[in-house]
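Chain by chain, the residues run as shown.
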Amino acid sequence: MTPATQGAGQGFAELGLSDTILQGISFAGFDKPRPIQVQTIPAAVDGRDVLGLAQTGTGKTAAFALPILERLREHRKARPRALIIAPTRELATQIAEQTRALARHTGLRVITIFGGVSQRMQTGALRRHPDIIVGCPGRLLDLHDQGYLHLDEVETLVLDEADHMFDMGFLPTIRRILKQLPKRRQNLLFSATMPPDIRGLASEVLRDPHQVELAISQPAQTIDHALIAVAEDRKRDLLDRILRREDCRSAIVFTRTKHRARRLADQLWKGGHKAIALQGNMSQNARDKAMQGFRDGQYQILVATDIVARGIDVQGVAYVINYDVPMTAEAYTHRIGRTGRAELAGQALSFLTPADKRWLKAVQKMLGAEIRRHKEKGFDSGYNERNAPQQVVAGAFGKKKDTKAGPPRKKRGPEPGRKRGSRRGAARSGESPGGGGGRRPGRKPAGKRGGRPRSR
Ligand code: ADP
Ligand code: MG
């Protein structure tokens, strides 16, 4: 906003955005465009289809929101002209908030549509002629079928977090929505990863797309991540100790299942921590309250499952703790991306039990490096993978990267075409936060990981 305003125009102005939009960018506090934005905005402003692949936290929202605003700002119509589909309510809300900030000087109206809440407010909002709809598949289709949502004037479609939508079984619903859209339209597809099914969807939906791939499987350089070996039954004590560290102002703790998230949050609360769960069994209202409370600082600890927390942008989370390691190597990068966002330094710690051996191999293979080990006094699982570097990094938590510890390779840079996530198949989920259409036909979730509960 203030000192940034000067520079703000510069980089963004060169992307073909007009003054009204540049003012919105200043208002949002963006200084320079991010790489994904530089590489996709001009083509999208030109009206081309875009396929944008970049990991979480790289600024994909503005990459699609800005061109939409630029193209819509000239005139308004009675019916919505842009449709942004996202997999979860939290993401839809976040996208809408960011888009509204950027749209501040355009007079364009942005509304959200998702399940789990009464549809009355949404149908009311639809009557007031919104320009941009941000929503989750189930409720979008539902309101369309009921005649509240008119899709025949949509000029631009965005599929955000396409990989995640597939994971959640939304493709059939999305296909049905696509049928309601005008044939001639612009399509923007953004995703963190590009598994074959999404590649298929992309080739179905996109016409001669401008493709950008910044798919770096490395976590952001600002994230210091480490493993702590611990026995399963000592995890809680270890967590308690970490949460009491002075530099642990805020933390997101990930568990494998909804049930574990709920129970752990309860236990932490009883232990005197300001903790709250965020998991898919909670009502929408409870989820909103948890998120808001965490953003406000009312809660310092958010205990979450992957699905609900993925893609969520919370500024300045000090710690991400994998209480249970994620199913896949890719999920690891997604999770620890919660910290260290927007170039703020963050710490990520993963609790590693002897049962996580295979997981560790897969992650380190994906990263192309071994993850640093942290040893916490009094916690030793006896985990002893052969050849694993067992380094004691005394009190290194608060410090920035210890370059001696483990061999975190220096920046690897973008690697177009790099194959990622061989173990994706295991990360499926049965949760369907979009309020419908959440079954995935013909896919067996989580089977391969042997004995793990599938619910997350
Ligand atoms: P993604 O969708 O790729 O995960 P987001 O669009 O949520 O990432 O952006 C991540 C964070 O970066 C958000 O807090 C967003 O406000 C911020 N951001 C995006 N673009 C810029 C920019 N050009 N300058 C500064 N901050 C930005
Ligand atoms: Mg996003």
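Since this is a predicted model, take the numbers as computed values, not measurements.

## A closer look at the packing of aromatic side chains
Following the criterion strictly, the structure yields 4 aromatic pairs and no others. Consider the rings of F64 and F190, whose centres lie 5.5 Å apart with planes at 55°: the pair is tilted. Of this pair, F64 sits in helix α4 (residues 60-72) while F190 sits in strand β6 (residues 186-191); the two residues are 126 residues apart in sequence, bridging distant segments of the chain. This pair shows no difference in class: F64 is buried, exactly as F190 is. A cation sits over an aromatic face here: R104 above F27, 3.9 Å from the ring centre.

## A short note on unusual backbone geometry
You will see that E161, though not glycine, has its phi angle at about 50°, which is positive. Looking at where E161 falls in the secondary structure, it is placed in the loop between β5 (156-159) and α8 (162-167). Looking at E161, the relative accessible area reads 9%, which means it is buried. The backbone of D208 shows a phi angle near 40°, a positive value even though the residue is not glycine. One can find D208 in the loop between α10 (196-205) and β7 (210-214).

## Describing the sheet that holds strand β1 (residues 50-54)
The sheet built from 7 strands is open, its strands ordered β3-β4-β2-β5-β6-β1-β7 with parallel pairing. Two strands bound the open sheet, and with one partner strand each, they are β3 (110-113) and β7. Neighbour to neighbour, the strand axes of the sheet diverge by 10° on average, direction disregarded. By the bridge criterion, 5 bridges tie β1 to β7 in an arrangement that is parallel. By the bridge assignment for β7, G52 is matched with V212.

## A look at the nonpolar core
Counting 49 residues, the largest nonpolar core has L239 and I321 as the members making the most contacts within it. Among all residues touching I321, those that are not within four sequence positions of it are L239, I242, L243, A251, I252, V253, F254, L349 and F351. By size, the runner-up hydrophobic cluster in this structure holds 41 residues, among which are F12, I25, F190 and L214.

## Regarding the pattern of salt bridges
The final tally for this structure, using the stated rule, is 19 salt bridges. The partner of E153 in a salt bridge is K77, and the shortest N-O contact between them spans 3.3 Å. Of this pair, E153 sits in the loop between α7 (137-145) and β5 while K77 sits in the loop between α4 and β2 (82-85); the two residues are 76 residues apart in sequence, bridging distant segments of the chain. The partly exposed category is assigned to E153, whose relative accessible area is 30%. Between K235 and D324 there is a salt bridge, and its shortest N-O distance comes to 2.9 Å. With K235 in helix α11 (residues 235-243) and D324 in the loop between β12 (319-322) and α15 (329-336), this residue pair connects regions lying 89 residues apart in the sequence. The exposure class of D324 is buried, given its relative accessible area of 0%. Each of E232, K235, R256, R260 and D324 takes part in salt bridges that share partners, so that together they form one network.

## Quick look at the pairing of strand β4 (residues 132-135)
Because side chains alternate across β4, one face comprises the buried residues I132 and V134, and the other comprises I133 and G135, equally buried. By the bridge criterion, 4 bridges tie β2 to β4 in an arrangement that is parallel. Residue pairing in the sheet places I84 in a bridge with V134 of β4. Summarising the sheet, β3 and β4 pair through 4 bridges and their orientation is parallel.

## Details of helix α12 (residues 258-270)
For the α-helix, the turn length of 3.6 residues means that residues three or four positions removed from each other point alike. Spanning 13 residues, α12 covers 19 Å between terminal C-alpha atoms, matching the ideal 18 Å at 1.5 Å per step. Among the residues of α12, K258, R260, A261, L264, A265 and L268 are the ones counted as buried. The arc that holds the buried residues of α12, viewed along the axis, is 155°, so those residues lie on one side. Within two residues after α12, G272 carries a phi angle of roughly 95°, on the positive side.

What counts as what
Residues numbered from 1 in each chain as written. Chains lettered and ligands numbered in written order. Predicted model: local features only at pLDDT ≥ 70, side-chain atom pairs only at ≥ 80, totals over all residues. Heavy atoms only, no water. Phe/Tyr/Trp six-rings, centres within 6.5 Å; stacked < 30°, edge-to-face > 60°. Helix = DSSP H or I, 4+ residues; strand = E, 2+ residues; numbered from the N terminus. Buried < 20%, exposed > 50% of the residue type's maximum accessible area, 1.4 Å probe, protein only. Lys NZ or Arg CZ within 6 Å of the ring centre and 35° of its normal. Pairing = 2+ DSSP bridges. Axes fitted to C-alpha atoms, helices over the stretch in contact; angles between N-to-C directions. Core = buried A, V, L, I, M, F, W, Y, C linked by side-chain atoms within 4.5 Å. Contact = heavy atoms within 4.5 Å. Salt bridge = Lys/Arg side-chain N within 4 Å of Asp/Glu carboxyl O. Expected span 1.5 Å × (residues − 1). Arc of directions from axis to C-beta.

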